[in-house]
Amino acid sequence: MSSDTVNNTSASGGIGGEPIQAGPIQAGPGGADALRNAEANAQWGGRFARGPSVIMQDINASIGFDRKMWRQDIRGSLAHAAMLARAGVIAPGDEAAIRGGLGAIAQEIEAGRFPFVEDLEDIHMNIEARLTERIGEAGKRLHTGRSRNDQVATDFRLWVRDALDGLDAQVADVMRALADRAAEFAADPMPGFTHLQTAQPVTFGHHLLAYVEMLHRDRGRLADCRRRLNECPLGAAALAGTSFPIDRDHTAAALGFDRPAANSLDAVSDRDFALEFLAAAAICGTHLSRLAEELVIWCSAPFGFVRLSDAFTTGSSIMPQKRNPDAAELARAKTGRITGALVALLTVMKGLPLAYAKDMQEDKEPVFDAADALSLSLAAIGGMVRDMAPDLPRMRAMAGSGFATATDLADWLVRVLRLPFRTAHHVTGRVVAAAEARGVGLADLDLREMQAVEPGITADVFDVLTVDASVASRTSFGGTAPANVAAQAARWQALLR
(Lines give C-alpha, C1' and ligand atoms only; values in the text may rest on other atoms or scores of the structure.)
Protein backbone atom coordinates (compact mmCIF):
# COMPACT_ATOMS: atom_id res chain seq x y z
CA MET A 1 0.00 0.00 0.00
CA SER A 2 1.40 3.39 -0.97
CA SER A 3 2.01 6.17 1.50
CA ASP A 4 1.91 9.61 -0.05
CA THR A 5 1.10 8.75 -3.65
CA VAL A 6 -2.14 9.71 -5.36
CA ASN A 7 -4.02 8.63 -8.44
CA ASN A 8 -4.43 11.97 -10.17
CA THR A 9 -7.41 11.03 -12.28
CA SER A 10 -9.55 7.99 -12.84
CA ALA A 11 -12.81 7.16 -14.48
CA SER A 12 -14.80 7.86 -11.34
CA GLY A 13 -12.52 8.58 -8.43
CA GLY A 14 -10.70 11.71 -9.64
CA ILE A 15 -8.22 13.33 -7.30
CA GLY A 16 -7.83 11.19 -4.19
CA GLY A 17 -8.08 7.84 -5.92
CA GLU A 18 -11.49 6.41 -4.95
CA PRO A 19 -11.64 3.10 -6.80
CA ILE A 20 -14.04 2.79 -9.68
CA GLN A 21 -15.39 -0.49 -8.32
CA ALA A 22 -16.16 0.73 -4.78
CA GLY A 23 -19.07 -1.15 -3.28
CA PRO A 24 -22.52 0.30 -2.56
CA ILE A 25 -23.54 1.85 0.73
CA GLN A 26 -25.74 -0.36 2.87
CA ALA A 27 -28.58 1.15 4.85
CA GLY A 28 -28.55 -1.55 7.52
CA PRO A 29 -25.89 -2.69 9.98
CA GLY A 30 -24.21 -5.10 7.57
CA GLY A 31 -20.99 -6.40 9.08
CA ALA A 32 -20.81 -3.92 11.95
CA ASP A 33 -22.07 -6.21 14.73
CA ALA A 34 -18.69 -6.47 16.43
CA LEU A 35 -18.66 -2.76 17.11
CA ARG A 36 -22.37 -2.17 17.59
CA ASN A 37 -23.11 -5.16 19.88
CA ALA A 38 -26.41 -4.59 21.69
CA GLU A 39 -26.16 -0.82 22.11
CA ALA A 40 -28.73 1.30 20.32
CA ASN A 41 -25.93 3.43 18.87
CA ALA A 42 -22.49 2.11 19.69
CA GLN A 43 -20.67 4.94 17.91
CA TRP A 44 -21.91 7.35 20.53
CA GLY A 45 -21.64 4.92 23.47
CA GLY A 46 -24.21 4.23 26.20
CA ARG A 47 -25.50 7.77 26.54
CA PHE A 48 -28.26 7.24 23.95
CA ALA A 49 -31.08 4.75 24.58
CA ARG A 50 -32.58 4.97 21.11
CA GLY A 51 -31.21 5.22 17.60
CA PRO A 52 -31.61 8.27 15.35
CA SER A 53 -34.63 8.96 13.17
CA VAL A 54 -34.34 8.27 9.47
CA ILE A 55 -34.08 12.00 8.78
CA MET A 56 -31.37 12.42 11.39
CA GLN A 57 -29.50 9.48 9.91
CA ASP A 58 -29.76 10.93 6.42
CA ILE A 59 -28.54 14.41 7.36
CA ASN A 60 -25.85 13.08 9.69
CA ALA A 61 -24.24 10.41 7.50
CA SER A 62 -21.25 11.37 5.37
CA ILE A 63 -20.10 7.96 4.15
CA GLY A 64 -21.61 8.70 0.74
CA PHE A 65 -18.81 11.18 0.07
CA ASP A 66 -16.11 10.91 2.73
CA ARG A 67 -15.24 7.36 1.72
CA LYS A 68 -12.97 9.11 -0.79
CA MET A 69 -10.61 9.48 2.18
CA TRP A 70 -10.26 5.76 2.90
CA ARG A 71 -6.60 5.67 1.91
CA GLN A 72 -5.81 8.63 4.13
CA ASP A 73 -7.81 7.17 7.02
CA ILE A 74 -5.91 3.90 6.87
CA ARG A 75 -2.58 5.72 6.65
CA GLY A 76 -3.46 7.81 9.69
CA SER A 77 -4.60 4.78 11.67
CA LEU A 78 -1.45 2.84 10.83
CA ALA A 79 0.72 5.71 12.05
CA HIS A 80 -1.40 6.17 15.18
CA ALA A 81 -1.28 2.46 16.07
CA ALA A 82 2.48 2.31 15.55
CA MET A 83 2.93 5.32 17.82
CA LEU A 84 0.67 3.84 20.52
CA ALA A 85 2.70 0.64 20.53
CA ARG A 86 5.97 2.56 20.61
CA ALA A 87 4.70 4.57 23.59
CA GLY A 88 3.57 1.43 25.40
CA VAL A 89 -0.11 2.41 25.29
CA ILE A 90 -1.09 -0.74 23.38
CA ALA A 91 0.70 -4.05 23.16
CA PRO A 92 2.92 -4.87 20.17
CA GLY A 93 0.66 -7.80 19.35
CA ASP A 94 -2.36 -5.50 19.14
CA GLU A 95 -0.47 -3.16 16.83
CA ALA A 96 0.50 -6.05 14.58
CA ALA A 97 -3.11 -7.23 14.44
CA ILE A 98 -4.29 -3.71 13.65
CA ARG A 99 -1.69 -3.39 10.91
CA GLY A 100 -2.70 -6.68 9.34
CA GLY A 101 -6.41 -5.91 9.62
CA LEU A 102 -6.08 -2.49 8.02
CA GLY A 103 -4.04 -3.98 5.19
CA ALA A 104 -6.79 -6.50 4.54
CA ILE A 105 -9.43 -3.75 4.63
CA ALA A 106 -7.46 -1.74 2.09
CA GLN A 107 -7.52 -4.74 -0.22
CA GLU A 108 -11.27 -5.11 0.29
CA ILE A 109 -11.92 -1.51 -0.63
CA GLU A 110 -9.63 -1.68 -3.64
CA ALA A 111 -11.51 -4.75 -4.86
CA GLY A 112 -14.95 -3.20 -4.25
CA ARG A 113 -15.89 -5.78 -1.61
CA PHE A 114 -16.00 -3.51 1.43
CA PRO A 115 -19.47 -3.28 3.06
CA PHE A 116 -19.92 0.47 3.54
CA VAL A 117 -22.69 1.00 6.12
CA GLU A 118 -24.65 4.23 6.37
CA ASP A 119 -25.58 3.58 10.01
CA LEU A 120 -21.90 3.97 10.87
CA GLU A 121 -22.00 7.53 9.52
CA ASP A 122 -18.54 8.01 8.06
CA ILE A 123 -15.44 6.37 6.66
CA HIS A 124 -13.71 6.42 10.06
CA MET A 125 -16.34 4.38 11.87
CA ASN A 126 -16.86 2.09 8.89
CA ILE A 127 -13.20 1.13 8.83
CA GLU A 128 -12.97 0.83 12.62
CA ALA A 129 -16.08 -1.37 12.75
CA ARG A 130 -14.77 -3.62 10.01
CA LEU A 131 -11.38 -3.79 11.73
CA THR A 132 -12.99 -4.88 15.01
CA GLU A 133 -15.05 -7.47 13.17
CA ARG A 134 -11.89 -8.88 11.60
CA ILE A 135 -9.46 -8.81 14.54
CA GLY A 136 -11.64 -8.56 17.65
CA GLU A 137 -10.64 -6.68 20.83
CA ALA A 138 -7.41 -5.32 19.33
CA GLY A 139 -9.49 -3.29 16.90
CA LYS A 140 -11.23 -1.53 19.78
CA ARG A 141 -7.88 -0.30 21.07
CA LEU A 142 -7.09 1.69 17.92
CA HIS A 143 -9.09 4.75 18.95
CA THR A 144 -7.13 5.19 22.18
CA GLY A 145 -5.77 8.72 22.50
CA ARG A 146 -7.63 10.18 19.54
CA SER A 147 -11.09 11.43 18.58
CA ARG A 148 -12.91 11.54 15.31
CA ASN A 149 -12.30 15.29 15.47
CA ASP A 150 -8.53 15.04 15.13
CA GLN A 151 -8.87 11.93 12.98
CA VAL A 152 -10.99 13.64 10.32
CA ALA A 153 -8.84 16.77 10.45
CA THR A 154 -5.78 14.62 9.78
CA ASP A 155 -7.42 12.58 7.03
CA PHE A 156 -8.70 15.71 5.32
CA ARG A 157 -5.28 17.35 5.40
CA LEU A 158 -3.72 14.21 3.97
CA TRP A 159 -6.34 14.12 1.20
CA VAL A 160 -5.87 17.78 0.30
CA ARG A 161 -2.11 17.34 0.36
CA ASP A 162 -2.39 14.42 -2.05
CA ALA A 163 -4.72 16.45 -4.24
CA LEU A 164 -2.27 19.35 -4.26
CA ASP A 165 0.54 17.07 -5.40
CA GLY A 166 -1.58 15.64 -8.18
CA LEU A 167 -2.82 19.03 -9.35
CA ASP A 168 0.68 20.50 -9.26
CA ALA A 169 1.81 17.79 -11.66
CA GLN A 170 -1.14 18.53 -13.94
CA VAL A 171 -0.50 22.27 -13.94
CA ALA A 172 3.13 21.61 -14.83
CA ASP A 173 1.98 19.40 -17.70
CA VAL A 174 -0.22 22.16 -19.14
CA MET A 175 2.69 24.57 -18.81
CA ARG A 176 4.88 22.16 -20.77
CA ALA A 177 2.25 21.92 -23.50
CA LEU A 178 2.04 25.72 -23.74
CA ALA A 179 5.81 26.20 -23.70
CA ASP A 180 6.25 23.60 -26.44
CA ARG A 181 3.68 25.28 -28.66
CA ALA A 182 5.17 28.70 -27.86
CA ALA A 183 8.57 27.51 -29.05
CA GLU A 184 6.92 26.18 -32.21
CA PHE A 185 5.24 29.51 -32.99
CA ALA A 186 7.74 31.94 -31.49
CA ALA A 187 7.96 34.03 -34.68
CA ASP A 188 4.41 33.69 -36.06
CA PRO A 189 2.44 36.92 -35.73
CA MET A 190 -1.13 37.32 -34.56
CA PRO A 191 -3.13 40.35 -33.48
CA GLY A 192 -2.72 41.39 -29.89
CA PHE A 193 -5.89 42.77 -28.36
CA THR A 194 -7.03 45.21 -25.74
CA HIS A 195 -10.78 45.50 -25.16
CA LEU A 196 -10.93 42.63 -27.70
CA GLN A 197 -10.03 45.25 -30.32
CA THR A 198 -6.90 44.95 -32.46
CA ALA A 199 -4.10 46.73 -30.63
CA GLN A 200 -0.57 45.71 -31.73
CA PRO A 201 0.92 42.67 -33.42
CA VAL A 202 2.37 40.00 -31.14
CA THR A 203 3.50 36.47 -31.85
CA PHE A 204 1.33 33.45 -31.16
CA GLY A 205 4.12 32.04 -29.03
CA HIS A 206 4.20 35.19 -26.94
CA HIS A 207 0.47 34.94 -26.33
CA LEU A 208 0.76 31.33 -25.19
CA LEU A 209 3.63 32.14 -22.84
CA ALA A 210 1.38 34.59 -20.99
CA TYR A 211 -0.59 31.58 -19.75
CA VAL A 212 2.61 29.82 -18.72
CA GLU A 213 3.31 32.76 -16.42
CA MET A 214 -0.21 32.59 -14.97
CA LEU A 215 0.04 28.88 -14.31
CA HIS A 216 3.47 29.32 -12.76
CA ARG A 217 1.87 31.62 -10.19
CA ASP A 218 -0.83 29.00 -9.67
CA ARG A 219 1.83 26.42 -8.88
CA GLY A 220 3.29 28.83 -6.36
CA ARG A 221 -0.06 29.21 -4.65
CA LEU A 222 -0.55 25.44 -4.52
CA ALA A 223 2.93 25.05 -3.03
CA ASP A 224 2.24 27.76 -0.44
CA CYS A 225 -0.99 26.02 0.53
CA ARG A 226 0.81 22.69 0.87
CA ARG A 227 3.51 24.19 3.06
CA ARG A 228 1.02 25.81 5.43
CA LEU A 229 -1.26 22.79 5.74
CA ASN A 230 1.60 20.43 6.56
CA GLU A 231 0.99 20.34 10.32
CA CYS A 232 -0.50 17.22 11.90
CA PRO A 233 -3.68 17.48 14.02
CA LEU A 234 -3.53 13.84 15.17
CA GLY A 235 -3.25 13.66 18.97
CA ALA A 236 -5.28 16.80 19.59
CA ALA A 237 -8.13 14.38 20.35
CA ALA A 238 -11.59 15.97 20.68
CA LEU A 239 -10.29 19.47 21.47
CA ALA A 240 -8.10 19.42 24.60
CA GLY A 241 -5.41 16.83 23.89
CA THR A 242 -5.13 13.50 25.71
CA SER A 243 -3.79 12.16 28.99
CA PHE A 244 -2.12 9.20 27.28
CA PRO A 245 1.68 9.47 26.80
CA ILE A 246 1.49 9.85 23.03
CA ASP A 247 4.33 11.06 20.81
CA ARG A 248 2.84 13.55 18.38
CA ASP A 249 6.19 14.32 16.75
CA HIS A 250 6.55 10.66 15.85
CA THR A 251 3.06 10.49 14.32
CA ALA A 252 3.57 13.72 12.39
CA ALA A 253 6.86 12.48 10.95
CA ALA A 254 5.37 9.09 10.04
CA LEU A 255 2.67 10.84 7.99
CA GLY A 256 5.07 13.21 6.28
CA PHE A 257 4.02 16.33 8.19
CA ASP A 258 6.59 18.95 9.15
CA ARG A 259 5.38 19.19 12.74
CA PRO A 260 2.35 18.54 14.96
CA ALA A 261 -0.23 21.33 15.18
CA ALA A 262 0.64 23.41 18.24
CA ASN A 263 -2.81 24.12 19.68
CA SER A 264 -5.34 21.33 20.16
CA LEU A 265 -8.35 23.65 19.77
CA ASP A 266 -7.05 25.06 16.51
CA ALA A 267 -5.93 21.64 15.30
CA VAL A 268 -9.46 20.19 15.20
CA SER A 269 -11.28 23.34 14.07
CA ASP A 270 -8.90 24.77 11.46
CA ARG A 271 -10.07 24.55 7.87
CA ASP A 272 -7.85 27.33 6.53
CA PHE A 273 -6.00 24.73 4.47
CA ALA A 274 -9.22 23.78 2.69
CA LEU A 275 -10.15 27.41 2.10
CA GLU A 276 -6.69 28.21 0.80
CA PHE A 277 -6.83 25.17 -1.45
CA LEU A 278 -10.15 26.33 -2.88
CA ALA A 279 -8.87 29.89 -3.33
CA ALA A 280 -5.83 28.65 -5.24
CA ALA A 281 -8.03 26.31 -7.26
CA ALA A 282 -10.47 29.13 -8.07
CA ILE A 283 -7.68 31.40 -9.34
CA CYS A 284 -6.21 28.57 -11.41
CA GLY A 285 -9.67 27.76 -12.74
CA THR A 286 -10.11 31.39 -13.71
CA HIS A 287 -6.88 31.30 -15.70
CA LEU A 288 -8.01 28.13 -17.46
CA SER A 289 -11.37 29.75 -18.15
CA ARG A 290 -9.69 32.73 -19.82
CA LEU A 291 -7.72 30.42 -22.10
CA ALA A 292 -10.84 28.36 -22.77
CA GLU A 293 -12.69 31.55 -23.74
CA GLU A 294 -9.94 32.44 -26.17
CA LEU A 295 -10.08 28.98 -27.71
CA VAL A 296 -13.83 29.40 -28.18
CA ILE A 297 -13.29 32.77 -29.86
CA TRP A 298 -10.36 31.59 -31.98
CA CYS A 299 -12.37 28.59 -33.22
CA SER A 300 -15.29 30.75 -34.34
CA ALA A 301 -15.70 31.42 -38.08
CA PRO A 302 -15.24 35.22 -37.79
CA PHE A 303 -11.82 34.64 -36.21
CA GLY A 304 -10.75 31.29 -37.63
CA PHE A 305 -7.41 31.41 -35.82
CA VAL A 306 -7.28 27.78 -34.70
CA ARG A 307 -8.99 24.48 -35.38
CA LEU A 308 -9.62 21.72 -32.87
CA SER A 309 -9.86 18.15 -34.06
CA ASP A 310 -12.73 15.72 -33.54
CA ALA A 311 -11.08 14.70 -30.26
CA PHE A 312 -12.12 17.94 -28.54
CA THR A 313 -15.23 19.06 -30.44
CA THR A 314 -18.80 17.90 -30.88
CA GLY A 315 -21.42 18.27 -33.56
CA SER A 316 -25.01 19.44 -33.68
CA SER A 317 -28.14 17.31 -33.73
CA ILE A 318 -29.70 19.56 -36.37
CA MET A 319 -26.89 21.52 -38.07
CA PRO A 320 -24.53 19.09 -39.81
CA GLN A 321 -21.89 21.72 -40.52
CA LYS A 322 -21.24 22.55 -36.85
CA ARG A 323 -18.00 21.83 -34.98
CA ASN A 324 -18.52 23.05 -31.43
CA PRO A 325 -15.58 23.59 -29.03
CA ASP A 326 -17.46 21.96 -26.17
CA ALA A 327 -14.37 20.88 -24.23
CA ALA A 328 -13.31 24.52 -23.99
CA GLU A 329 -16.80 25.65 -23.08
CA LEU A 330 -17.10 23.07 -20.32
CA ALA A 331 -13.67 23.93 -18.93
CA ARG A 332 -14.80 27.55 -18.90
CA ALA A 333 -18.00 26.60 -17.08
CA LYS A 334 -16.38 24.42 -14.42
CA THR A 335 -14.72 27.51 -12.99
CA GLY A 336 -18.14 28.43 -11.64
CA ARG A 337 -18.25 25.21 -9.64
CA ILE A 338 -14.80 25.81 -8.21
CA THR A 339 -15.51 29.42 -7.25
CA GLY A 340 -18.86 28.34 -5.82
CA ALA A 341 -17.10 25.75 -3.66
CA LEU A 342 -14.89 28.47 -2.18
CA VAL A 343 -17.86 30.69 -1.38
CA ALA A 344 -19.76 27.73 0.09
CA LEU A 345 -16.99 26.78 2.51
CA LEU A 346 -16.31 30.37 3.52
CA THR A 347 -19.99 30.62 4.38
CA VAL A 348 -19.91 27.37 6.39
CA MET A 349 -16.92 28.52 8.45
CA LYS A 350 -17.73 32.19 9.00
CA GLY A 351 -19.78 31.83 12.20
CA LEU A 352 -18.36 28.78 13.94
CA PRO A 353 -17.08 29.12 17.52
CA LEU A 354 -14.22 26.91 18.69
CA ALA A 355 -13.71 24.05 18.49
CA TYR A 356 -15.36 21.42 16.28
CA ALA A 357 -18.95 21.74 15.04
CA LYS A 358 -20.81 19.31 12.80
CA ASP A 359 -21.12 22.11 10.25
CA MET A 360 -17.59 21.13 9.29
CA GLN A 361 -18.90 17.92 7.79
CA GLU A 362 -19.93 20.19 4.91
CA ASP A 363 -16.28 21.01 4.22
CA LYS A 364 -15.45 17.96 2.16
CA GLU A 365 -17.91 17.87 -0.72
CA PRO A 366 -16.95 21.34 -2.02
CA VAL A 367 -13.26 20.45 -1.84
CA PHE A 368 -13.74 17.05 -3.48
CA ASP A 369 -15.88 18.55 -6.24
CA ALA A 370 -13.52 21.46 -6.86
CA ALA A 371 -10.48 19.18 -7.02
CA ASP A 372 -12.17 16.90 -9.53
CA ALA A 373 -13.42 19.85 -11.61
CA LEU A 374 -9.99 21.48 -11.70
CA SER A 375 -8.28 18.19 -12.54
CA LEU A 376 -10.62 17.54 -15.44
CA SER A 377 -10.29 21.12 -16.68
CA LEU A 378 -6.50 20.89 -16.64
CA ALA A 379 -6.64 17.64 -18.59
CA ALA A 380 -8.98 19.19 -21.15
CA ILE A 381 -6.97 22.38 -21.57
CA GLY A 382 -3.69 20.50 -21.89
CA GLY A 383 -5.25 18.25 -24.50
CA MET A 384 -6.60 21.16 -26.52
CA VAL A 385 -3.32 23.07 -26.42
CA ARG A 386 -1.54 20.06 -27.89
CA ASP A 387 -4.38 19.42 -30.35
CA MET A 388 -5.02 22.91 -31.73
CA ALA A 389 -3.90 23.66 -35.28
CA PRO A 390 -3.42 27.41 -35.87
CA ASP A 391 -4.20 29.05 -39.21
CA LEU A 392 -0.96 31.03 -39.40
CA PRO A 393 -1.70 32.91 -42.67
CA ARG A 394 -5.02 34.13 -41.27
CA MET A 395 -3.40 35.16 -37.99
CA ARG A 396 -0.74 37.08 -39.92
CA ALA A 397 -3.31 38.83 -42.08
CA MET A 398 -5.38 39.79 -39.05
CA ALA A 399 -2.28 40.97 -37.17
CA GLY A 400 -1.94 43.84 -39.62
CA SER A 401 -5.61 44.81 -39.59
CA GLY A 402 -7.16 47.65 -37.65
CA PHE A 403 -4.11 49.91 -38.09
CA ALA A 404 -2.19 47.65 -35.70
CA THR A 405 1.15 49.32 -36.55
CA ALA A 406 -0.03 52.81 -35.61
CA THR A 407 2.11 52.76 -32.46
CA ASP A 408 5.12 51.88 -34.62
CA LEU A 409 4.46 55.02 -36.68
CA ALA A 410 4.23 57.13 -33.53
CA ASP A 411 7.46 55.61 -32.19
CA TRP A 412 9.20 56.33 -35.53
CA LEU A 413 8.13 59.99 -35.34
CA VAL A 414 9.62 60.22 -31.84
CA ARG A 415 12.80 58.33 -32.68
CA VAL A 416 13.57 59.85 -36.10
CA LEU A 417 11.89 63.28 -36.13
CA ARG A 418 12.36 63.86 -32.38
CA LEU A 419 8.72 64.81 -31.92
CA PRO A 420 7.36 64.71 -28.38
CA PHE A 421 5.34 61.53 -27.97
CA ARG A 422 2.07 63.37 -27.43
CA THR A 423 2.64 65.30 -30.65
CA ALA A 424 3.56 62.09 -32.44
CA HIS A 425 0.42 60.47 -31.07
CA HIS A 426 -1.70 63.30 -32.49
CA VAL A 427 0.04 63.15 -35.88
CA THR A 428 -0.42 59.39 -36.06
CA GLY A 429 -4.10 59.77 -35.27
CA ARG A 430 -4.53 62.10 -38.23
CA VAL A 431 -2.63 59.70 -40.52
CA VAL A 432 -4.87 56.84 -39.33
CA ALA A 433 -7.94 58.96 -40.07
CA ALA A 434 -6.66 59.59 -43.60
CA ALA A 435 -6.10 55.86 -44.18
CA GLU A 436 -9.50 55.04 -42.73
CA ALA A 437 -11.16 57.58 -45.02
CA ARG A 438 -9.56 55.86 -48.02
CA GLY A 439 -10.26 52.35 -46.70
CA VAL A 440 -6.62 51.28 -46.77
CA GLY A 441 -3.96 50.30 -44.25
CA LEU A 442 -1.19 52.59 -43.08
CA ALA A 443 1.40 50.90 -45.30
CA ASP A 444 -0.87 51.50 -48.33
CA LEU A 445 -1.01 55.28 -47.94
CA ASP A 446 0.99 57.40 -50.39
CA LEU A 447 3.99 59.18 -48.88
CA ARG A 448 2.56 62.51 -49.98
CA GLU A 449 -0.61 61.82 -48.03
CA MET A 450 1.46 61.27 -44.88
CA GLN A 451 3.55 64.37 -45.55
CA ALA A 452 0.36 66.40 -45.83
CA VAL A 453 -0.07 65.67 -42.12
CA GLU A 454 3.63 65.86 -41.13
CA PRO A 455 6.09 67.15 -43.77
CA GLY A 456 9.10 65.55 -42.07
CA ILE A 457 7.95 62.00 -42.77
CA THR A 458 10.22 60.18 -45.23
CA ALA A 459 9.94 56.94 -47.18
CA ASP A 460 11.92 55.18 -44.44
CA VAL A 461 8.71 55.15 -42.38
CA PHE A 462 7.39 52.23 -44.42
CA ASP A 463 10.13 50.01 -43.00
CA VAL A 464 8.39 50.03 -39.60
CA LEU A 465 4.81 49.60 -40.79
CA THR A 466 4.94 45.88 -41.52
CA VAL A 467 3.79 43.26 -39.05
CA ASP A 468 7.16 41.51 -38.98
CA ALA A 469 9.01 44.77 -38.36
CA SER A 470 6.60 45.63 -35.58
CA VAL A 471 7.03 42.40 -33.62
CA ALA A 472 10.78 42.32 -34.25
CA SER A 473 11.17 45.79 -32.76
CA ARG A 474 9.67 44.83 -29.37
CA THR A 475 12.98 43.71 -27.88
CA SER A 476 12.48 45.03 -24.34
CA PHE A 477 12.54 42.37 -21.64
CA GLY A 478 9.25 40.50 -21.74
CA GLY A 479 8.43 41.86 -25.19
CA THR A 480 7.11 39.96 -28.18
CA ALA A 481 10.21 40.00 -30.39
CA PRO A 482 10.63 36.46 -31.78
CA ALA A 483 14.11 36.11 -30.29
CA ASN A 484 12.70 37.00 -26.87
CA VAL A 485 9.85 34.52 -27.24
CA ALA A 486 12.12 31.71 -28.39
CA ALA A 487 14.45 32.30 -25.43
CA GLN A 488 11.59 32.40 -22.91
CA ALA A 489 10.01 29.27 -24.36
CA ALA A 490 13.33 27.45 -24.17
CA ARG A 491 13.81 28.60 -20.58
CA TRP A 492 10.40 27.23 -19.57
CA GLN A 493 10.98 23.99 -21.42
CA ALA A 494 14.23 23.50 -19.52
CA LEU A 495 12.63 24.35 -16.16
CA LEU A 496 9.69 22.00 -16.75
CA ARG A 497 11.63 19.13 -18.24
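About the cut-offs
- Residues numbered from 1 in each chain as written.
- Predicted model: local features only at pLDDT ≥ 70, side-chain atom pairs only at ≥ 80, totals over all residues.
- Heavy atoms only, no water.
- Axes fitted to C-alpha atoms, helices over the stretch in contact; angles between N-to-C directions.
- Helix = DSSP H or I, 4+ residues; strand = E, 2+ residues; numbered from the N terminus.
- Parallel < 35°, antiparallel > 145°, perpendicular 65-115°, else oblique.
- Contact = heavy atoms within 4.5 Å.
- Nonpolar A, V, L, I, M, F, W, Y, C, P; charged D, E, K, R; others polar.
- Pairing = 2+ DSSP bridges.
- Phe/Tyr/Trp six-rings, centres within 6.5 Å; stacked < 30°, edge-to-face > 60°.
- Lys NZ or Arg CZ within 6 Å of the ring centre and 35° of its normal.

(A) Spatial organisation of the packing of helix H4 (residues 70–86) against helix H5 (residues 92–111). Where H4 meets H5, the axes come as close as 9 Å, and the angle between the chain directions of the two elements is 175°. The angle between the axes of H4 and H5 places the two elements in the roughly antiparallel class. Every residue of H5 that contacts H4 at Trp70, Arg71, Ile74, Ser77, Leu78, Ala81, Ala82 and Ala85 is listed here: Glu95, Ile98, Arg99, Leu102, Ile105, Ala106, Ile109 and Glu110. For the contact of H4 with H5, a count of residues per class yields eleven nonpolar, one polar and four charged.

(B) Spatial organisation of the pairing of strand E4 (residues 197–203). Where strand E3 (residues 189–194) meets E4, six bridges bridge the pair, whose relative direction is antiparallel. What sits directly across from Pro191, in E4, is Pro201. Linking two consecutive strands that pair antiparallel, namely E3 and E4, is a turn of two residues; a positive phi of about 60° is found at His195 within it.

(C) How the structure looks around the packing of aromatic side chains. Under the counting rule described, the total for this entry stands at eight aromatic pairs. Residues Trp159 and Phe368 carry aromatic rings whose centres are separated by 4.6 Å and whose planes lie at 55° to one another, so their mutual orientation is tilted. Placement of Trp159 in helix H8 (residues 148–184) and of Phe368 in helix H14 (residues 364–387) is noted, with a sequence separation of 209 residues between them. With 5.5 Å between their ring centres and 45° between their planes, Phe185 and Phe204 make a pair best called tilted. Of this pair, Phe185 sits in the loop between H8 and E3 while Phe204 sits in helix H9 (residues 204–229), and the two are 19 residues apart along the sequence. Here a set of aromatic residues connected by ring pairs shows up, and it is made of Phe156, Trp159, Phe273 and Phe368. The ring centre of Phe368 lies 5.9 Å from the NZ or CZ of Lys68, which sits over that ring. Between the NZ or CZ atom of Arg491 and the centre of the ring of Trp492, over which it lies, the distance is 4.7 Å.

Any functional reading would require information that these geometric values do not contain.
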